[in-house]
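Residue-level structural notes
If you want the building blocks of each chain, they are given just below.
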Amino acid sequence: MPTLIVLRHAKAVAGLGLADIDRPLNDRGRRDAAATGEWLRENDLVPDRVLCSTAVRTRETLEGLALQSEVSFESQIYDNEPETLLSLVRETDDGVRTLLLIGHNPSVHQLVHDLTGDAPDAFPTCALAVIELTAPWAETRPGAGTLSLTRTPKG
């Protein structure tokens, strides 16, 4: 069955003078993204496909992961609605075994909760959740997943 990895973007600079969508990663965010990419490779969790928000901080997070995966940039992820994220996941081709979704809080945290009923209390920047699904992508629904792993940059 498919595996969904939900990742919140890495730490970005404060938004002073920038539109929210244009905020880049800060130094810590770049380090955390690189460490997360290494962790994904070490744990054999390199995705076949990535769905990534169009915000600068999510694109830079993806770049820092240094993954060799097919990528789709989806402006709808930036809208920050869990229902939209679920719809995008459902559109995934059945040939994709592992999907990585890179987005924003609160929607990514809520998606993890909705799919598993077992989200961590907090979902800080560069946190990820690995969800094992019990049905094909098109049948993904609330409660249909099991939270198998979580990771944050601090442990």
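The subject of this paragraph is the side chain of threonine 61. Tracing the backbone through its elements, the reader meets threonine 61 in helix 2 (residues 56–65). A relative accessible area of 0% means that threonine 61 is categorised as buried. In contact with threonine 61, not counting residues within four places along its chain, are Leu7, His9, Ala10, Leu25, Ala33 and Ile102.

By the definition in use, this model includes six salt bridges. Between aspartate 20 and arginine 57 there is a salt bridge whose closest N-O contact spans 3.0 Å. Here aspartate 20, found in the loop between strand 1 (3–8) and helix 1 (27–42), pairs with arginine 57, found in helix 2; they are 37 residues apart in sequence, far enough to count as distant. Residue aspartate 20 is classed as partly exposed on the basis of its relative accessible area, which comes to 35%. For the salt bridge of glutamate 70 with arginine 49, the shortest nitrogen-to-oxygen distance reads 3.4 Å. Placement of the pair is glutamate 70 in strand 3 (residues 70–73) and arginine 49 in strand 2 (residues 49–52), with a sequence separation of 21 residues. Each of Asp20, Arg23 and Arg57 takes part in one network of salt bridges that share partners.

Attention shifts here to the sheet that holds strand 3. Spatial strand order, 3-2-4-1-5-6: six strands in an open sheet with mixed pairing. Two strands bound the open sheet, and with one partner strand each, they are strand 3 and strand 6 (145–151). For this sheet the average axis-to-axis angle between neighbouring strands, irrespective of direction, equals 20°. Where strand 1 and strand 5 (residues 128–133) come together, five bridges link them in antiparallel fashion. In the strand pairing of strand 5, threonine 3 is matched with glutamate 132.

Cut-off values and rules
Residues numbered from 1 in each chain as written. Predicted model: local features only at pLDDT ≥ 70, side-chain atom pairs only at ≥ 80, totals over all residues. Heavy atoms only, no water. Helix = DSSP H or I, 4+ residues; strand = E, 2+ residues; numbered from the N terminus. Buried < 20%, exposed > 50% of the residue type's maximum accessible area, 1.4 Å probe, protein only. Contact = heavy atoms within 4.5 Å. Salt bridge = Lys/Arg side-chain N within 4 Å of Asp/Glu carboxyl O. Pairing = 2+ DSSP bridges. Axes fitted to C-alpha atoms, helices over the stretch in contact; angles between N-to-C directions.

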